[in-house]
Every structure is written in structure tokens, then in C-alpha cells.
Amino acid sequence: MTYTPLTTYQQHHLRFTFDHHAGHLYGPMVKASEAHVVMLAERGLIPAESAARMLGGLIVLRDDRPETFTYDGSVEDVYYTLEKRLAEVCGIPTGELNVQLARSRNDLDAGVFRMILRDQLLRVLAAITDAGAELLDRADHYADVVVVGYTHRRPAQPTSMGHVLTGYAEALAGQAAAYANLLSEMNRSPLGSCAFAGTDLDIDPGRLAELLGFDELIVNSYEAVAGADHLMRTAALNAQAMATGARFTRTLMDWLSWEWVRTPADFTQGSTIMPQKRNPVVMEHLVSMAGAAAADAASVFNNVGAAWWEDSNNATTDVQVRLWESNDRAYRFFALLGGLFQRLEPLHTPSGEAIVATGATTTAAADALNQHGVPFRAAHSVVGRLFRGGPPSTWTDAGVREVAEAAGVGGLTDEAVHAVVAAALRPELVLARGQVDGPGEAAVRAQITRIRSALDDTVGRAAALRRRIEDADTTLAAAVAERAAK
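Visitor: I would appreciate a short explanation of the pattern of salt bridges in the present structure.
Guide: Charged atoms that come close allow side chains of opposite charge to pair. A full pass over the atoms with the stated rule returns 26 salt bridges. Of the charged contacts, one joins R53 and E49 as a salt bridge, the two residues approaching to 3.3 Å between their closest N and O atoms. Taken together, the residues span about one helical turn, with R53 and E49 both in helix α2 (residues 48-61) at a distance of 4 residues. Classification of R53 as partly exposed rests on a relative accessible area of 32%. The exposed category is assigned to E49, whose relative accessible area is 58%. Salt bridges sharing common partners tie together D296, R322, E325 and R329.

Written as C-alpha cells, this is what we have:
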């Protein structure tokens, strides 16, 4: 056997690309080829004997392990590897194969890319909805745990732990719906478009879509192979969802540092020198993962923007690895968050006195003055002067009157003065707030119900898509078995 060295192009591009792509592309290419041969036979475009031979060979190829393939330069890429293997198991020369009749690598690649991304995005979506469900459980459990909410990294107002957690759960629910919408866009078939202009042969693209679990056809055959918006949306949505998750993770890092919540043991690492350390480095990794997703998105956008609007590798093929890695990273990101949420529980949340000392209750004190007829800006001024004079724990009725009069606000009733002091000293009053989107305990639980319903709807959409794909697999397997037996 004569060894033929790889050319420079083969060594530094084709082999490298083959090694990265074979494990992802080969299986879906086999499945798409089964559907294509079934369709060709049903339309009478190839003889039944030829279809049976190819389908029998494709059944054998299902058991191939593409991750073990070695690129030897004898063929160009994964598709031609499939064709070479198919000819071998069928016992015929590649010149006798009809598997590529009325099909181009353009529409085959476009279809296979969508099939791969569809499966990956379903996995990401499941991790997001699971994380959202776990977070809502935690939020419901801790809807009565009062903490300090921050703005600009400074103590701002009392809220509840449940209110904060529910807020991020709403973001997750919105992101989950966005992934479900992206899947609807992804699940349209480009197969049958051939190079971009279709074919004069009487093929049935709708049958291909049915056999491969696509919901509909892409309307225009040029867009089917040239389009890359769905690829950019995938990268962008991953980057967006993970960036929001990274922000929430940073807040959790503060809560851990303040010992508001417990660090789950299986989410920590120790120190090589400091025996007491339990480092929640998973939080840092989550933030880094979000940064990597942003870099993946930038790479995808740059490549697509640098290409012509036609079939071009840099707009479609060359971005796939970035998308596969981005989807895998997004799945791991939300699986980690979901596991963390499951173990999240309060430890030493701030006491009422500690919350009062931060000044977080002063807005409520100003609101209490306003409710007793003092204009907002004047009330704000009075309470500001009071706080500059000392924390609310030092306020007295007489002191409130004195400061108010100095600010030009006289004639306060006893009820008004008592209301100011009570609001300043009782952060737990926030749990009784009736505003529907606020931190009131009843309001938060109502929010949880609405968000859980939205998540459940998205879970239902994803489950329905999985069933359609599974039903298509069953239909395809039956059609292949029937045709292969002829």
C-alpha cells in the first residue's frame, strides 16, 4: 500500500475540519440520506432495486462510529466519506450511487445543520426550563425572607429574597420562550433546494420535511441555502441569556459573601493553603462561560457579515463549530444554575435592625409623610435630613417634628410622625405591600404562578416538537425498512 502524504490544504484545513465535523455531521447525514432515497423511490425517480440496495447500506452506516474515522485525504469531507462508505457496504462503485440525485451538498448541509442545532437547542431549552422551575420553587419558599435590594452596589430598599429570585425566573421564562420561537424558525426544511435553484426532477420536498421532522419548508430555495439569520440568532440568544445569567450569578456571589445564603458543598472547591476556605468558583466559571458565549456570537456575526449572500462556507459551514460549542456551553451553564438553585437556602439573612441601619427603609418613611399630605420633594428632604442626623433607630417623635419644622414642614399630626418612625423601623412591612409586581408576599406568590404557567407553556411546546421528531423517526424507520426489503 502506497502512502500518499496530505497536501498543505488537506493537512491544515480539510483534515482539521473533518476531525471537528465528522462526529456531528455523519449521523444526521445518514438519516437525511435515508429520507432522500425513500422520497426518490416513492417518486419513481430511481428503481426499487437501487433504492433497496442503498437503504440497506444506509442501515449498516447507522452503526458507524464517525469519531473513529481518520482523514486520509482520499475524499474531501464528511459527505464524501459517507458516499465512499455507502458504496463499500453496498458492494458497488461510487459511480453507481444515486444517493445524491436531485440533491446538493448545499441543501444537505443546510438541512443537517438545522437538524443538529434543533437537537442542541432542545437540550438548552430543557436546561433553562428546569432551572426556572427550580428557581420558582426557591422563590415560593423564601417569599417571606426580607433582604436588602441594591442599586449601583449600594443598599437601596427592603425587598424579599423571593422577589429577587422571581425576577430572574421571569427573565428565564422569557428566554425559554425565545428559544422555543427560535426552534420554530429552525425547524423549517431547506431540503430540495439543491444548489439553490431546485431541480427539474419531480421531487417532493414536503415528504423530506415530513420524514425528518421539519414542520414546514423554507419558502424560497435561494434563502434556504444562503440564509444565516437563524445561525446568528442562535449565537445571539445564547450570549444574551448567559449574560443575564452571569449578572444574576454576580448577585449570588454577593449573597454568598454576606452569608445570606449557604454555599452548597458540591459547588465549592478548597484552598491549597487556607484550611477554612470554601471557594464557590463555579460562580466565576459561569461568568467566564457567558464571556465565551459573547465571543462565539461575535465570531459568528463577523463571519456571516464578511460573506456574500449566497452559498459560502464562511457564512454557514465555518460557523457551525462556534454554534455547537456555544450550545454546549449554554446547556452546561443552565444545568449548573439549575443544580445551584436546587440547593439554594438562606443562612444568615440580615436582621431587621441591620436593614434599618443601612437606610434602606427611608424611602418608605418619605412615602409615609407623603401619605399624610407632605409633598414628595419636601418629604424626601425631611427624611434625608433625619438620616444624615443618625440611623432610623435613633429617631424620635420629637426629633422628627424638629427636623420637619427646620425643613419648612410644620404642623405634622401625631399620626404622621408615628407613621414615619414606624415605616423607618419596620422593613418587614414590605411583605404586606399590595402592588402586583412588588415584593409583597402575596404578590410574589401570584407572580410565581403566572411565570410558572408561562414556563409550562414553553415546556409543552418543546415536548410537542420532540414528539413530532420522534414520530418522524418512526415513520422514516418504517419507510426505510419497507423499501430496503424490496
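After that view of the structure, there is still more to cover.
Visitor: I'm lost on helix α15 (residues 414-425) in this one. Help?
Guide: Every α-helical turn comprises 3.6 residues, leaving residues that sit three or four positions apart pointing alike. Compared with the 16 Å implied by 1.5 Å per residue over 12 residues, the 17 Å span of α15 between its first and last C-alpha is a close match. Every buried residue of α15 is listed here: A416, V417, V420, V421, A423 and A424. Take α15 and look down its axis: the buried residues cluster within an arc of 165°, on one side only. Tucked inside the fold, the buried residues of α15 contact α11 (352-357), α12 (362-371) and α14 (397-406).

Visitor: Sorry if this is basic, but what is going on with the layout of surface pockets here?
Guide: In this approach the atoms are scanned with a rolling probe the size of a water molecule, which exposes any empty space left behind. In this model, the largest pocket occupies a volume close to 760 Å³. Taken together, 24 residues make up the lining of the largest pocket; nearest its centre are Y150, R153, V164, R247 and T251. When residues of the lining of the largest pocket are traced back to their parent elements, those giving at least two are β1 (146-151), β2 (154-160), α5 (161-186) and α8 (229-257). At 8 residues, the largest contribution of residues to the lining of the largest pocket is made by α8. By volume, the second largest pocket amounts to about 560 Å³. Taken together, 28 residues line the second largest pocket, and the ones lying closest to its centre are D77, R105, D109, N313 and T317. Top contributing element to the lining of the second largest pocket by residue count: helix α1 (residues 8-42), with 8 residues. Here the residues of the lining of the second largest pocket are counted per class, giving 12 nonpolar, 9 polar and 7 charged.

Rules and cut-offs
- Residue positions within a chain follow its written sequence, with the count starting from 1.
- Reporting of local features is limited, given that this is a predicted model, to residues whose pLDDT is at least 70; pairs of side-chain atoms are given and counted only at 80 or more, and all residues count toward the totals for whole chains, interfaces and linings.
- Side-chain calculation: all heavy atoms of the structure are included, whereas hydrogens and water are not.
- We define a salt bridge as a side-chain nitrogen of Lys or Arg found within 4 Å of a carboxyl oxygen belonging to Asp or Glu.
- Only DSSP runs of H or I with at least four residues qualify as helices, and only runs of E with at least two residues qualify as strands; both kinds are numbered from the N terminus onward.
- Working definition: with a 1.4 Å probe on protein chains only, accessible area under 20% of the residue-type maximum means buried, over 50% means exposed, and in between means partly exposed.
- Multiplying 1.5 Å by the helix residue count minus one yields the expected span of that helix.
- Directions drawn from the helix axis to the C-beta atoms are what define this arc.
- Contacts: residue pairs with any heavy atoms within 4.5 Å of one another.
- Buriedness for pockets is judged along seven lines, at least five of which must meet protein on both sides within 12 Å for an open set on the 1 Å grid over protein atoms alone, while cavities are sets there where a 1.4 Å probe fits but cannot get out, and lining residues have an atom within 4 Å of a point.
- Grid points are joined across faces, edges and corners, and a volume is the space filled by probe spheres set on the points.
- Each residue gets one label: Ala, Val, Leu, Ile, Met, Phe, Trp, Tyr, Cys and Pro are nonpolar, Asp, Glu, Lys and Arg are charged, and the others, such as Gly, are polar.

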